[in-house]
Amino acid sequence: MEQSWRQAKSMFAAMLSVPLFWLVVFFMVPLGIVWLYSFGENRGLVDIAFTGTWSNYARALEWDNLAIFLKSIGIAAITTALCLVIGFPVALAITFAPEKVKPWLLLLIMLPFWTNLLIRTYALIAVLREQGYINMGYHWGFDIVNGLTGGALGEFHALPLMYNNFAVVFGLVFVNLPFMILPLYSTLDRLDRSLLEASLDLGAGHIRTLFNVVVPMAGAGIASGILITFIPALGSYLTPDLLGGADALMIANVIEAQFKRANNWPFGAALSFLLVYMTFIAIAVQGLIERKPAGSRS
Amino acid sequence: MSANGFNKSRRSLLAATGAAAIGISFGGLSACSQGKKAAAGAEEPKLNFYNWDTYIAENTLGDFEKASGIKVSMTNFATNDELFAKMKTGKTGYDVIVPSNDFVTQLAQANLLLPLDKAKLPNFKNIDPGVMSPDYDPDRKYSVPYTWLTLGLGYRKSKMPKGFVPDSWKYVFDSDMFKGRIALLSESGDLVRLGAKYLGYSVNAVTPEVVAQVEAMLKKQKPNIKAFHSDNGQDMLIAGDVDLVIEYNGDMMQAIADDKDKDLAYIVPKEGTQLNADCLCIPVDAPRPDNAHKFLNYIMEPQVGAQIAEFIGYATPNLAAKALTSPEYQNNPNIFPPADVMAKCEYAAFQGAEKAQLYDAAMTRVKA
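Structure report, in brief. Computed from a prediction, not measured in an experiment: that's the story for all the values here.

Reading the values: rules and limits
Residues numbered from 1 in each chain as written. Chains lettered and ligands numbered in written order. Predicted model: local features only at pLDDT ≥ 70, side-chain atom pairs only at ≥ 80, totals over all residues. Contact = placed C-beta atoms within 7 Å. Helix = DSSP H or I, 4+ residues; strand = E, 2+ residues; numbered from the N terminus. Nonpolar A, V, L, I, M, F, W, Y, C, P; charged D, E, K, R; others polar. Pairing = 2+ DSSP bridges. Right-handed = clockwise from strand over helix to strand, strands pointing away. Buried ≥ 20, exposed ≤ 12 C-beta atoms within 10 Å, placed from the backbone. Axes fitted to C-alpha atoms, helices over the stretch in contact; angles between N-to-C directions. Parallel < 35°, antiparallel > 145°, perpendicular 65-115°, else oblique.

### Some remarks on the interface of chain B and chain A
Step number 1: Taken together, the contact between chain B and chain A spans 30 residues of the former and 29 residues of the latter.
Step number 2: Looking at the side of chain B that touches chain A, the elements with two or more residues in it are α1 (9–22), α4 (80–89), α5 (101–109), β6 (225–229) and α16 (353–367) of chain B.
Step number 3: Here the side of chain B that touches chain A takes 7 residues from α16(B), the largest share from any one element.
Step number 4: Across the side of chain B that touches chain A, the residue classes break down as 13 nonpolar, 8 polar and 9 charged.

Dropping the structure here:
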């Protein structure tokens, strides 16, 4: 089994051919066509001429669209940060949970994946909306306090939980949290426990041990967690569409409009590819971060 | 864009966004049916019907199968843009589609519709002669009229000041009276045209200057707007998230009919509104055009048309069918607005792809 692939070239080629075929035919080629569209121009209602124009990119980089890109990056960044802050303790807790409980806790984390994203988002609407469960509970408590104090709280106003950017971030954290927890868990679980004991024995407190020992060793897990949370959050379409308010536009919603409402595929393709380029940059940055600790250690 | 059929918008939205998000293609079913070609000359007894959600009577398709032996499979779309985007790629396998008036023009200009064979459609005699040659499809070359509808304001009566009726577009476009309690339609074209209508322009006279004016007005109004809804405004109204929405009359009709407290109402504002007409058309590459003609002719039968009209609650252009409906349906001012209201309403014509992009860019800036 320990054969180098050089010694079994035909085997290697056979194994590789199917996924390679899949990748080229169903990913590279369609993506290449969209890439070509981004240098095209509309001719009438149906046809697109490949003219090699940069005008689509020029328009995509105008301030109107750039502002939406920046806003999308901002929302994705806040989402990722919240996922990290919430997900790290959860992953740590699962790591230190008894062996028997662990699979069940992991199952709980993965359970939402068994339900379609759309259904989970609709469920969130039922929770957040003005006559949703949170506001109903709040109203109930509010009325009790008011009844006891003779109306000290004044008139009831529902909490504005839906149709705003709070709802979008909340929805994105809700959806993306498992993507953060799972890579964190897989890194933390492999951690050498004796190092933690050594740190505690040598006088560092729990907090100090966490930040000086656990976090640096979990760096790779944190970086990949951030990456696989940030990228889908950046391109999210459904959540802002369903939960957002009057200013809820994220870049994927603009792209969708180009392929449908505006019937402007070349411009939509240019916007899409800007998003792809940003993803590449994010992956490159993650690569750099991962290499750095390795370099400094040697 | 238009009539997400009368409601259960939530379901159609589910289908629409679901399809968009996950990339399900309803076109898939065409592939299987195209595989089995029937004997030369005759078409296999099947028909693929692409319709708005809950936009046909429950028994229509079953009755048609009994009468003709043709089995209809219906799938739903939620916006005209979705329909056009799908038709544009071609070979969708659909035999009958239901575009709105301006999209009939757009599809016809893109050579995506089959000219109708009038000899196979004798029931055209039942249709109101007044709509037999509309601007959007002269001489009904490509389309059979199915329904027509208005855009207006749906509202919750108990949340209005006493005796107040929101009888102007002002309350959604240019007033903070219902701050944070209003939802606007997210369709760029409809919204910009209605804004222009409020500012006193015809929906067909929306120049780039008018678009800029509407854009400025909506940017100013934005802090008062709770959300731009994807044609589920009546749901937001029912759930109490907002008190005033721009909606289609049929969507509101259903909400009003289901409302136990009788607290919902619909009004066409005094400035007038945009009318829409939904039509039945046959795609140019429909695999079974013969069956499609049979189906279109069947829909125009007076009895069939009457059942559909009463079930979906939209206005029918079929005079013979309308004569068979109940007085409640015929005399409902929300379905058939009175003449003085109609005088101020107009159909929006298709004005080219550039116009759609102009509208969309303006609305993107408003929502950004």
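### Observations concerning the pairing of strand β2 (residues 71–77) of chain B
All names here are of chain B.
Step number 1: Sheet analysis places strand β1 (residues 46–52) next to β2, joined by 7 bridges and oriented parallel. Across the sheet, the residue bridging to N51 is N76, located in β2.
Step number 2: Running through helix α3 (residues 60–68), the crossover from β1 to the neighbouring parallel element β2 is right-handed.

### Some details on the pairing of β6(B)
Residues and elements named next belong to chain B.
Step number 1: Most of β6 is tucked away: 5 of the 5 residues are buried.
Step number 2: Where strand β5 (residues 182–185) lies against β6, 4 bridges are found, and the strand directions are parallel. Directly across from I182, in β6, lies its bridge partner I225.

### Regarding the environment of D47(A)
All names here are of chain A.
Step number 1: With respect to the element layout, D47 can be found in strand β2 (residues 47–50).
Step number 2: Overall, the presence of 11 C-beta atoms within 10 Å leaves D47 in the exposed class.
Step number 3: C-alpha of D47 to C-alpha of L227: the two residues are 180 residues apart in sequence and 37 Å apart in space.

### Quick notes on the packing of helix α7 (residues 188–198) of chain B against α16(B)
All names here are of chain B.
Step number 1: Remark: α7 packs on α16, axes separated minimally by 9 Å, with the N-to-C direction vectors making an angle of 85°. With respect to α16, the axis of α7 lies roughly perpendicular. Facing S188, G189, L191 and V192 of α7, the residues of α16 in contact are A356, Y359, D360, A362 and M363.
Step number 2: Each residue belonging to the contact of α7 with α16 can be placed in one class, and the counts come to 6 nonpolar, 2 polar and 1 charged.

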